[in-house]
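Report on the structure
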Amino acid sequence: MTTRADIERVLWKACDSFRGKIDSSRYKDYILSMLFVKYLSDVTKEKREKYMEQYNGDERRVERAMSRERFSVDRESTFDYLYSERNSTEIGQKINVALSHIEEHNSGKLRNVFRAIDFNSQVDFGDVKEKNATLRNLLEDFHDLDLRPSQLGSADIIGDAYEYMIANFASDAGKKGGEFFTPSQVSELVASLVKPQENDRIYDPTCGSGGLLLKAYRKVPSGKVAVYGQELNAQTWALCTMNMFLHGVDDAKIWQGNTLSDPQNVEKDQLMKFQAVVANPPFSLDKWDSGFLANAALDAKGKKQEKMTASMDPWKRFEMGVPPSSKGDYAFVLHMLKSLDGNNGRMAVVLPHGVLFRGASEGKIRKALVDSNLLDAVIGLPANLFYGTGIPACILVF
């Protein structure tokens, strides 16, 4: 049997193949993509063997049965094929082609998931000789790892190991780590606070690698919920999409783009409404309004407008006030409130402590939130909980 410890050991061995050559914030994408390919390949291999036995080697019937499976991987996209080509001078290109085929054959679930990664990159890997040696080592690191479902103690093992690695990369990446990962204990608390129920729509407008969404999803044992998220960073969006897939949440809708200036949660020309909304937005995001200002009409004097106004937002999210350009915290809160089901919506958001006492427009927004009786609770969190920042945080519950 393959345990989670076995998977983690292989992943750390793979990290050693990259250390000193590529920055850890970059090599995580290569390692987690390779884990994903190995998992898809091993599942496909076991399914094919089972059907070959069931249909007495009748290739036509086997192919028909395989076409109805959750995903499809052709022979030249399998890990075994790539491993057999590990000494090829073109191995980087062959891995890229394999990833492209996996996307094409599973476009409904995995469209564009590998678009931000290039196993043939000279920028990351250096010259051809160095690149081929690194990729050969990577394939050899993963070769003995058996990820067939019959060898995994539970279906969650692969997803859990994937999240464990993301957490480790987040701590390794320091300041940038906080951008794509919320510590597990905080995610657990936030997910519990919104009490997800069957038939809920669950939404995270800044979903990162998806850990918070998955925590909320798991609160409903039957899995009968709809999962939605949006993420700005293309590589983190890809991590999230793979993370959902590995946890069996195939129908999750994860959009890529700027939630504030280009929200994708639109339905019949309105922002979609959700029963459970969770988020850990980037703390005090500077220039959060740049997407609005870039598209703003010229003023009466024909000049570009330099200050964000509520009228620039077609979704009318800033009627309580416009947060200062240097602090985007309340911009995310107002977006989430506008996306919250007015009848039985529950929402919890992790924010820096400053949102509780900063003045100016933030003070006005805070007063409006309290006066309108939307805020249910404030939970203080200690300092040094998050990667890359020592400031204390809080959770606002609506």
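Residues numbered from 1 in each chain as written. Predicted model: local features only at pLDDT ≥ 70, side-chain atom pairs only at ≥ 80, totals over all residues. Heavy atoms only, no water.

**Some details on the state of the cysteines**
Under the convention used in this document: The rule for a disulfide is simple: a pair of cysteine sulfur atoms within 2.5 Å. The buried label applies to any residue whose accessible area, calculated with a 1.4 Å probe on protein chains only, is under 20% of its type's maximum; exposed applies above 50%, and partly exposed to all values in between.
As enumerated under the stated definition, the model contains zero disulfides in all. Free of any disulfide, Cys240 has its nearest neighbouring cysteine sulfur in Cys207, separated by 3.9 Å. A relative accessible area of 0% means that Cys240 is categorised as buried.

**Brief notes about the environment of Val73**
To be explicit about the condition: A run of H or I in DSSP becomes a helix once it reaches four residues, and a run of E becomes a strand once it reaches two; helices and strands are each numbered from the N terminus. A contact between two residues is defined here by any heavy atoms of the two lying within 4.5 Å.
As for its position among the elements, Val73 is in the loop between α3 (59-67) and α4 (79-84). For Val73, a relative accessible area of 13% corresponds to the buried category. Sequence separation of Val73 and Met312 is 239 residues, and the distance between their C-alpha atoms is 46 Å. Sequence-distant contacts of Val73, that is, excluding residues within four places in its chain, are made with Leu40, Thr44 and Thr78.

**Comments concerning empty space enclosed by the protein**
Keep this limit in mind: Space inside and on the surface of the protein is sampled on a 1 Å grid over the protein atoms alone, with a cavity defined as a set of points where a 1.4 Å probe fits but cannot get out and a pocket as an open set with protein on both sides within 12 Å along at least 5 of 7 lines; lining residues have an atom within 4 Å of a point. Grid points are joined across faces, edges and corners, and a volume is the space filled by probe spheres set on the points. Three categories are distinguished: nonpolar for Ala, Val, Leu, Ile, Met, Phe, Trp, Tyr, Cys and Pro, charged for Asp, Glu, Lys and Arg, and polar for the others, with Gly belonging to the last.
Inspection of the entire model under this criterion finds one cavity of 30 Å³ or more. Taken as a whole, the largest cavity holds about 70 Å³ of empty space. Among the secondary structure elements, those contributing two or more residues to the lining of the largest cavity are α2 (24-54) and α12 (234-246). Here the lining of the largest cavity takes five residues from α12, the largest share from any one element. Considering only residue class, the lining of the largest cavity consists of eight nonpolar, two polar and one charged.

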